[in-house]
There are 2 protein chains.
Amino acid sequence: MKLYEHPGFPNPRRVRIFLAEKSVEIPTETIDVPGGAHQRPEFLNKNPSGLIPALETDTGEVISESASICRYIEELYPTPALMGENALEKATVDMWHRRIENQLFNPLGAYFHHSTQGLGDDRYRNAEWGEHSREQARAELKKLDTLLASRDYISGEQYGIADITALCAIDLAQSLKVANLDEFEHLHNWHSRVSARPSAAA
Amino acid sequence: MKLYEHPGFPNPRRVRIFLAEKSVEIPTETIDVPGGAHQRPEFLNKNPSGLIPALETDTGEVISESASICRYIEELYPTPALMGENALEKATVDMWHRRIENQLFNPLGAYFHHSTQGLGDDRYRNAEWGEHSREQARAELKKLDTLLASRDYISGEQYGIADITALCAIDLAQSLKVANLDEFEHLHNWHSRVSARPSAAA
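Remember, it's a predicted structure, so these values are computed and weren't measured experimentally. (Residues numbered from 1 in each chain as written. Chains lettered and ligands numbered in written order. Predicted model: local features only at pLDDT ≥ 70, side-chain atom pairs only at ≥ 80, totals over all residues. Heavy atoms only, no water.)

## A short note on the sheet that holds strand 2 (residues 28-30) of chain B
Hydrogen bonds along the backbone pair up the strands of a sheet, which may run parallel or antiparallel.
Residues and elements named next belong to chain B.
Next up, step 1: Read across the open sheet, the four strands follow the order 2-1-3-4; overall the sheet is mixed. Single-partner strands in this sheet number two, and they are strand 2 and strand 4 (62-64). Ignoring strand direction, the axes of neighbouring strands in this sheet form an average angle of 20°.
Next up, step 2: Across three bridges, the pairing between strand 1 (residues 2-5) and strand 2 is parallel. Of the residues in strand 2, the one forming a bridge with Leu3 is Thr28.
Next up, step 3: Strands strand 1, strand 3 (54-56) and strand 4 of the sheet are contacted by helix 3 (residues 66-76), whose axis makes an angle of about 125° with strand 4. (Pairing = 2+ DSSP bridges. Helix = DSSP H or I, 4+ residues; strand = E, 2+ residues; numbered from the N terminus. Axes fitted to C-alpha atoms, helices over the stretch in contact; angles between N-to-C directions. Contact = heavy atoms within 4.5 Å.)

Below, the structure written as structure tokens:
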């Protein structure tokens, strides 16, 4: 297997943390996204979506979408389970993970691409949409703070993929100055807990 | 189990088709979304997200998010598999399903809520974002038409959840007059094929 990614970007970090939690090491290759390498034929021939991260399997298939790459790793290396162990857990983790993606991670991405310089490329920008997305992300942080008053991790009592995506989203929110965790006691405690895991350095 | 839903809405239809393909019948209850029932305490106490569809399990847990409900059904009733059978298939189906959701289904929802009367409620609207989303959805239909020139179903040679979400999205696109399938030969053929399955009437 080989992971195409970019150090410092939030989406590849989701996969790196997931792999670290499984103690799985695979070779990586950096795709120079700011330099446009993700839109050149060498990469597009492998991965028509042009998105990173992307995982090339040992038989040459390419899987993109961070969560789908994690699904593949989870199936190959089920222990420790990061996406639930039985039907109810799997559905519940998936529900919380989707909520983190849709209400927090993606809105932060929209803020980054629409209301800041983003990647400095010439994509369509709608600053008002970016600002609305920023407020949506902030509202979600408040909801998560309330949630984490009564549970240790986002999808319940077990650390899992929803925590990984939330950690990457919140660290992005902090670097974009969208959030100051001092405002959120329970979220702050959760953030300290998940950031102390060795995988967070991945 | 019990499914809270609303006839005629695209998201509940995804779950109804999924259940029909599995030949699983469960009781349903209609939540009067246009009348605001999804925001009343009786429903919010069960399902704090306020979203439909939502599935109540036999032990009283409530799962929202259409894809997470499908995950639960897939785990309980694995045959026929609609989300892949082995690690590579599961990841590949998940990747295509996410692409259909992110590039087609969600943009159509954004067009509906931002650029049309939508549900007639007082939510934030950004008409320019809605129009951009409409164009994004149309561009994705063109890509899908190209894809379906060389395969029978969206995630490969097997019908699955990506086809179900795409069918619901495309029927929504037609009702919103975003798409006329006569423009897309291969997508049109695929649409005839999946619409002829008995589950499409669900």
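## Here's the deal with the sheet that holds strand 4 (residues 62-64) of chain A
Residue and element names in this part refer to chain A.
Next up, step 1: Pairing within the open sheet is mixed, and its four strands lie in the order 2-1-3-4. Because the sheet does not close on itself, it has two edges, and the strands there are strand 2 (28-30) and strand 4. Looking at each pair of strands side by side, their axes are set apart by 20° on average, direction ignored.
Next up, step 2: Summarising the sheet, strand 1 (residues 2-5) and strand 3 (residues 54-56) pair through three bridges and their orientation is antiparallel. Directly across from Tyr4, in strand 3, lies its bridge partner Ala54.
Next up, step 3: Taken strand by strand, helix 3 (residues 66-76) contacts strand 1, strand 3 and strand 4, and its axis lies near 125° from that of strand 4.

## What about the packing of helix 6 (residues 161-175) of chain B against helix 7 (residues 185-195) of chain B?
If you want to describe how two helices pack, look at the angle between their axes and the distance between the axes.
Residue and element names in this part refer to chain B.
Next up, step 1: Following both chains from N to C, one finds helix 6 and helix 7 inclined at 110°, their axes separated by 11 Å at the closest point. In terms of orientation, helix 6 and helix 7 fall into the roughly perpendicular class. Considering how the two elements wind past one another, helix 6 and helix 7 form a crossing that is left-handed. Here Asp163, Ala166, Leu167, Ile170, Asp171 and Gln174 of helix 6 come into contact with helix 7, specifically with Leu187, Trp190, His191, Val194 and Ser195.
Next up, step 2: Looking at the contact of helix 6 with helix 7, its residues break down into six nonpolar, three polar and two charged. (Parallel < 35°, antiparallel > 145°, perpendicular 65-115°, else oblique. Left-handed = near helix turned anticlockwise from the far one by under 90°. Nonpolar A, V, L, I, M, F, W, Y, C, P; charged D, E, K, R; others polar.)

## Observations concerning the domain arrangement of chain A
All names here are of chain A.
Next up, step 1: According to the domain assignment, chain A consists of domain 1 (2-76) and domain 2 (87-201).
Next up, step 2: In this structure, domain 1 and domain 2 have C-alpha centres spaced 21 Å apart.
Next up, step 3: Contacts between the two partners involve 12 residues from domain 1 and, on the opposite side, 15 residues from domain 2.
Next up, step 4: The junction of domain 1 with domain 2 conceals about 1,200 Å² of combined surface from both sides, 64% of it contributed by carbon and sulfur atoms.
Next up, step 5: Looking only at domain 1, the three residues that lose the most surface to domain 2 are Arg13, Arg14 and Glu21, adding up to 46% of its buried area.
Next up, step 6: For the pair domain 1 and domain 2, the number of links is three salt bridges.
Next up, step 7: Between Arg14 and Glu101 there is a salt bridge, and its shortest N-O distance comes to 2.6 Å.
Next up, step 8: Our count for the domain 1 to domain 2 interface comes out at eight residue pairs in polar contact (both at pLDDT 80 or more). (Domains from an automatic or database assignment. Buried area = accessible area lost by both parts, 1.4 Å probe. Salt bridge = Lys/Arg side-chain N within 4 Å of Asp/Glu carboxyl O. Polar contact = N/O pair within 3.5 Å; in protein donor to acceptor, adjacent residues only side chain to side chain.)

## Concerning the interface of chain A and chain B
Next up, step 1: Listed per partner, the contact involves 29 residues of chain A and 29 residues of chain B.
Next up, step 2: When chain A packs against chain B, the two sides together hide about 2,700 Å² of surface, and 59% of this comes from carbon and sulfur.
Next up, step 3: On the chain A side of the contact with chain B, Arg98, Tyr124 and Trp129 of chain A bury the most area, a combined 21% of that side's loss.
Next up, step 4: Where chain A meets chain B, there are four salt bridges.
Next up, step 5: Between Lys90 of chain A and Glu75 of chain B there is a salt bridge, and its shortest N-O distance comes to 3.3 Å.
Next up, step 6: Elements supplying a minimum of two residues to the side of chain A that touches chain B: strand 4, helix 3, helix 4 (87-115) and helix 5 (127-147) of chain A.

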